[in-house]
Amino acid sequence: MSVFLKMNGSIILRSLARFLVPFTIPRKRRVLCSGVLQRYLSSKIPAVSYPNKESTSPPEKLELDSWKITMKSSVQDVSADSGSKDEDPVVAMKELIEMWRLLGREVPEHISEEELKTAMECVSKSSKKKYLRYLYIKEKAKKARQTKKELKAATKEKAIKDQLLETTKEDKQQNFLFLRLWDRNMDTAMGWKGAQAMQFGQPLVFDMDYGNYMKPKELRNTVCQLLESEGWNRRDVDPFHIYFCNLQVGGVYHKELVRRYEEKWSKLLLTTTEKSYIDLFPKDSIIYLTADSPNVMTTFKHDKIYVVGSFVDKGTQKGISLAKAKRLKLATECLPLDRYLQWDTGTKNLTLDQMMRILLCLKNTGSWEEALRFVPKRKHAGYLEISPSSQEELVNRLKRSKTFNSFPKDSLKIHTQKRWLK
Amino acid sequence: MMTFCFTGIRSLPKLWKSNPYLGLGPGHSFLSLFLENCYGIRNQQKWFSLKTVSAQNTKAVNLLIAKARYLRNEGSSKQVSSDTHLFAAGAAKKRSQMNPHRKDDALPPMRNTIQLPTKPLNSEEWDRLKEDFKGRANFESWIISQMAQSCSSVDVAKSLLAWVAAKNNGIVGYDLLVKYLYLCVVHKQTSEIIDVYEIMKARYKRLESGGYTLLIQGLIHSDRWREALLLLEDVKKVMIPSKKNYNDCIEGALLHQDVNLAWNLYQELLGYDLIPMLKTLKAFFDFGKNIKDDQYSNKLFDILLYLRNNHLYPEESFAHSIKTWFESVPGEHWKGQFTTVKESGQCLGCGKTIESIHLSSEEYESLKGKIMKDVIDGGDLYKKTTPQELERFQNFVKCCPPFDIVIDGLNVAKTFPKARESQVLLDVVSQLAKQNLELLVLGRKHMLTQHSRWRKDEMKMVQKQASCFFADNISEDDPFLLYATLHSGNHCKFITKDLMRDHKACLHNAKTQHLFFKWQRGHQLAILNRLPGSKIIFQNIPSYDTVVQTTGDSWHIPYDDDMVERYSYEVPTKWLCLHRKT
């Protein structure tokens, strides 16, 4: 056993050597050996002794059926106590999940009573599997976090130890030529920028009126995205003034936001209001950004107020935000994804943080190529080169619009008048 | 081909020589030459591979060619335009083949290229193979998956399990067992299946759906087929069994002559709202051959009515089973033939008229109400239009006389990409207006603004000859199309190429969807072609409904041709005509 463990351990150790050189093997074993692995490892014991037995029998005649006998005679693997044969469906479901796990399906190892009940309430087999897969991914992420945490703690401990050694060696005061840039200095700077944005910055509205269109899970995802987009905004050179409009105090959204931000919620440099954006801003300066809009955004306008619906819908409910904008008689626009990108798969709905980064980039650079970097790569197959013909068309259109619109009739008149005067 | 190669080679030095004259650098010329050579080689290989394939199964290919030729001849001799009808089986496939710009998805490159063993290996050989394996996955489960995919022989898989068991205290994991079972089922090794069944029963109190399905499928062919039913009961404890489970059980019951059990299982299956596999239904027909039993016959008639009510269509082999059953019933002189139906709705086999596609007035009213509620409103009017706009439109429809034809202006105008939009629309409208039809053209407001593709004078002509309604640029126009058509009465048709699948999906129950589809087939005109003299050719609307039907003395059953790939929104064109001689 120890031989095998060392082998396994050494392979992994090599890859991790950068972080943890003096790492005790027994500790490692505890970290790595989950139930499955343990069984797997322990299964390797007879492998050493097996070849001796094999060598005695002629290789031509393979014993193909002997394993069946041992399999049949061995005791039940899973929950040998079959006392309650006509058991309740909860147990049956648990066993089903266990069997799926043995088959290698993506199901969680541990499942709470509540989750089990939810799984049983799923109507179809596929919905059961989907839910279990979700739990599996959650469990895996949790495990990964835990191991990472432990690793981090170990490296920290080691670093402290090293430092202690060092300080005993050379007990010297450290002098710097430059002022050290602490995190809190950065925070202050960003805070100043945020405050400035709240006074003079361009508003960007998040419409929080979608609370009852979403399931709890979707709402949680939305708030995650909101947090992230707020972070991107805070770190930007020239942040937006963020408005959370239609945010009912005590509503689901508010609760979730407060839960996530904790005490920081009251110190955030953004405006939250129960009012709607149409009460705050003139209607004709509002542009609602929605993927369903027929109007394609051509340029970023610095004098407009862009509204983004903070809405995650996993099951596609078509056209809800567009309907909302129509009801309020607002202008709508969508990003020119098809004009610049060779769209591959996936919906054209983007997440809130992607949207935020695109808008920030647009505001700062004005370049679509630059801004659409933030569209996930998996959704498209690269940028479209603007072909000469389409470019020509664009130029033509520009010309036409100029001749038809931008030169008012009066100017023509003046021109003719002048000529006439001559 | 050889000559081609030679010329290629002969031109090699020529190219080399001529290049300096062209003023290109040597590196450049080499590149172009290399590319050409590459192409030559690749073409050659393609040719060879094609040839070898055709040499291997010439017979099959010839058969296919013969059948295709036969079909083509038949089509051309009769000039049946229903072959290309919008909702005819295979039409969508044909359309998709007409624009072949979508490149075929290339197969992903093989990463792990371990040769799967073709004969049982001993443990050393397995050990060696495992050392060769470089993937990150578990070797044992990876290799058995590969074997299951390529249907390796059972003995090879068994030797793998023996190897695993030997190094593992005689224990084989559940996933390996299930995949081994799969191979046994594929190769129909009944004794092996029973062995695995015994092992699983001994080791596990309960299995999961995949294992149960395989065991049921395997056990029904053995003497212990009744145990498959126990397994079915086990499945029921955790979930609704699949239609495949039921299919296997029913087939097993019929195989072992337990008719009552089969019918009970069938009822149970319907009770779960599952749609049975066509295989299951076919099994009942196959079993009933040569039996004179009125009760049994009535049940089969019920199956046919079930097909009718759910708009299901049998496949070719099932249609053959139905025909043989009808013809085999003793005492009743049924005679069947495979045929097609004329556009007028007359069966070419017996001359009877097929049911009309027109909806009864109750059906029509109920469809109208449902479409208003589910499609146009759909919970939020703003999703597709606005209340003001809908009201404007409703008033507009009220003021106008009932229309004969409603035209989806944008869709029609864009039918022929090379022609100017307004020109196409004007052609269609003026041709129809000549027949004294009351027309409505639906469009969006942007059609009225001057543009190179939307000429104002032509749009004026359109407006002169037809009533026009222009929706906001932001609204959808299809709901208006449906509304106007439905409110003009049963005679009113509409023109668009849109298949209206999204609107069909808005309707909540299957019955209304069937009704909508029937109405759509009976009322949707499609544009086939535009002749140089700007004459538009429309597709004929079928006058008959494609659905299983009976008059007591005759049955007409539309079925799917094996050669044609039918999409879910299409209907078959082939019919089985059965009638009783008196």
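No experiment lies behind these values; they were computed from the predicted model shown. (Residues numbered from 1 in each chain as written. Chains lettered and ligands numbered in written order. Predicted model: local features only at pLDDT ≥ 70, side-chain atom pairs only at ≥ 80, totals over all residues. Heavy atoms only, no water.)

**Remarks on a nonpolar patch on the surface**
All names here are of chain B.
Thinking step 1. A cluster of nonpolar side chains, namely Leu528, Leu531 and Ile537, defines an oily patch on the protein surface of about 210 Å² accessible area.
Thinking step 2. Following the sequence through the fold, leucine 528 ends up in strand 7 (residues 527-530).
Thinking step 3. Given the relative accessible area of 41%, leucine 528 is considered partly exposed. (Patch = residues over 30% accessible without salt bridge, like charges linked within 9 Å, V, L, I, M, F, W, Y side chains within 5 Å. Areas by Shrake-Rupley, 256 points an atom, 1.4 Å probe, with all protein chains shown as cover. Salt bridge = Lys/Arg side-chain N within 4 Å of Asp/Glu carboxyl O. Helix = DSSP H or I, 4+ residues; strand = E, 2+ residues; numbered from the N terminus. Buried < 20%, exposed > 50% of the residue type's maximum accessible area, 1.4 Å probe, protein only.)

**Regarding the confidence of the model for chain A**
Residue and element names in this part refer to chain A.
Thinking step 1. Taken residue by residue, chain A gives an average pLDDT of 77. The fraction at 70 or more is 70%.
Thinking step 2. Across residues 1-60, confidence stays below pLDDT 50; counting only partners more than four residues off in sequence or on other chains, it has 38 contacts.
Thinking step 3. Between residues 78-84, whose pLDDT stays under 50, and residues either more than four places distant or in other chains, the model counts 9 contacts. (pLDDT = per-residue confidence, 0-100. Contact = heavy atoms within 4.5 Å.)

**Comments concerning helix 10 (residues 216-235) of chain A**
Thinking step 1. For helix 10 of chain A, with 20 residues, the first-to-last C-alpha span of 29 Å sits near the 28 Å given by 1.5 Å per residue.
Thinking step 2. Buried residues belonging to helix 10 of chain A abut strand 1 (203-207), strand 2 (241-245), helix 11 (252-261) and helix 15 (352-365) of chain A. (Expected span 1.5 Å × (residues − 1).)

**Quick word on the pairing of strand 2 (residues 405-408) of chain B**
Residues and elements named next belong to chain B.
Thinking step 1. Residues Ile405 and Ile407 line one face of strand 2 and the alternating positions Val406 and Asp408 line the opposite face, and both faces are buried.
Thinking step 2. With 4 bridges joining them, strand 2 and strand 3 (residues 439-444) adopt parallel strand pairing. Bridged to isoleucine 405 within strand 3 is leucine 439.
Thinking step 3. For strand 2 and strand 5 (residues 493-495), the ladder comprises 3 bridges, and the chain directions are parallel. Within strand 5, the residue paired with isoleucine 405 across the bridge is lysine 493. (Pairing = 2+ DSSP bridges.)

**Focus: the packing of aromatic side chains**
Thinking step 1. Applying the stated rule across the entire model yields 42 aromatic pairs over all chains.
Thinking step 2. Ring geometry for B:Phe287 and B:Tyr296: centres 6.2 Å apart, planes at 50°, overall tilted.
Thinking step 3. Residue B:Phe287 is classed as buried on the basis of its relative accessible area, which comes to 18%.
Thinking step 4. Given a relative accessible area of 6%, B:Tyr296 falls into the buried group.
Thinking step 5. Between B:Phe326 and B:Trp334, the aromatic rings sit 4.8 Å apart at their centres with planes inclined by 65°, giving edge-to-face as the arrangement.
Thinking step 6. Members of the aromatic cluster, joined through ring pairs, are B:Phe285, B:Phe301, B:Phe318, B:Trp325, B:Phe326, B:Trp334 and B:Trp555.
Thinking step 7. Above the ring of A:Tyr134, the side-chain terminus of A:Lys217 is found at 4.1 Å from the ring centroid. (Phe/Tyr/Trp six-rings, centres within 6.5 Å; stacked < 30°, edge-to-face > 60°. Lys NZ or Arg CZ within 6 Å of the ring centre and 35° of its normal.)

**Brief notes about the side chain of B:Thr339**
Residue and element names in this part refer to chain B.
Thinking step 1. Here threonine 339 shows up in strand 1 (residues 334-339).
Thinking step 2. Its relative accessible area of 11% is what places threonine 339 among the buried residues.
Thinking step 3. Within polar-contact distance, the side chain of threonine 339 engages the backbone nitrogen of glycine 349 at 3.5 Å.
Thinking step 4. Dropping the residues within four chain positions of it, threonine 339 is found in contact with Cys347, Leu348, Gly349, Lys574, Trp575 and Cys577. (Polar contact = N/O pair within 3.5 Å; in protein donor to acceptor, adjacent residues only side chain to side chain.)

**Topic: the side chain of B:Asp258**
Residue and element names in this part refer to chain B.
Thinking step 1. By the element assignment, aspartate 258 lies in the loop between helix 12 (243-255) and helix 13 (259-271).
Thinking step 2. Within the structure, aspartate 258 has its side chain in polar contact with the backbone nitrogen of leucine 261 (distance 3.3 Å).
Thinking step 3. Those residues in contact with aspartate 258, other than ones at most four positions away along the chain, are Trp225, Arg226 and Ala253.

**Considering the pattern of salt bridges**
Thinking step 1. Summed over all chains, the structure comprises 46 salt bridges over all chains.
Thinking step 2. Across the pair B:Glu208 and A:Arg105 runs a salt bridge, and its minimum N-O distance is 4.0 Å. Of the two residues, B:Glu208 is situated in the loop between helix 9 (190-203) and helix 10 (209-219) and A:Arg105 in the loop between helix 6 (89-103) and helix 7 (113-121); the pairing between them involves two chains.
Thinking step 3. On the accessibility criterion, A:Arg105 (33% relative accessible area) is partly exposed.
Thinking step 4. Residues B:Glu421 and B:Arg453 are paired through a salt bridge, measuring 2.4 Å at the closest nitrogen-oxygen approach. Of this pair, B:Glu421 sits in helix 20 (residues 421-433) while B:Arg453 is found in the loop between strand 3 and helix 21 (456-465), placing the two residues 32 residues apart along the sequence.
Thinking step 5. Residue B:Glu421 is classed as buried on the basis of its relative accessible area of 7%.

**Brief notes about the environment of B:Gln463**
Residues and elements named next belong to chain B.
Thinking step 1. Its place among the elements puts glutamine 463 in helix 21.
Thinking step 2. Here the alpha-carbon distance between glutamine 463 and leucine 426, two residues 37 residues apart in the chain, equals 9.3 Å.
Thinking step 3. Not counting the four nearest positions on each side in its chain, glutamine 463 is found in contact with Leu448, Cys468 and Phe470.

**Here's the deal with the nonpolar core**
Thinking step 1. In this structure, A:Trp67, B:Leu177 and B:Phe284 are the most contacted members of the largest nonpolar core, which totals 106 residues.
Thinking step 2. Listed in part, the 59 residues of the second largest apolar core include A:Phe244, A:Ile305, A:Leu330 and A:Leu362. (Core = buried A, V, L, I, M, F, W, Y, C linked by side-chain atoms within 4.5 Å.)

**Some details on the sheet that holds strand 2 of chain B**
Residue and element names in this part refer to chain B.
Thinking step 1. The strand order across the open sheet built from 5 strands is 4-3-2-5-6, with neighbouring strands paired in parallel fashion. Both outer strands of the open sheet, strand 4 (467-471) and strand 6 (524-525), are each paired with one neighbouring strand and no more.
Thinking step 2. Taken together, the 2 bridges between strand 5 and strand 6 define a ladder with parallel strand orientation. Each residue of the ladder has a partner; that of phenylalanine 494, found in strand 6, is glutamine 524.
Thinking step 3. Its contacts with the sheet place helix 18 (residues 387-399) against strand 3 and strand 4, and it is angled at close to 175° to strand 4.
Thinking step 4. Packed onto the sheet, helix 22 (residues 478-487) meets strand 2, strand 3, strand 4 and strand 5 and runs at close to 175° relative to strand 2. (Axes fitted to C-alpha atoms, helices over the stretch in contact; angles between N-to-C directions.)

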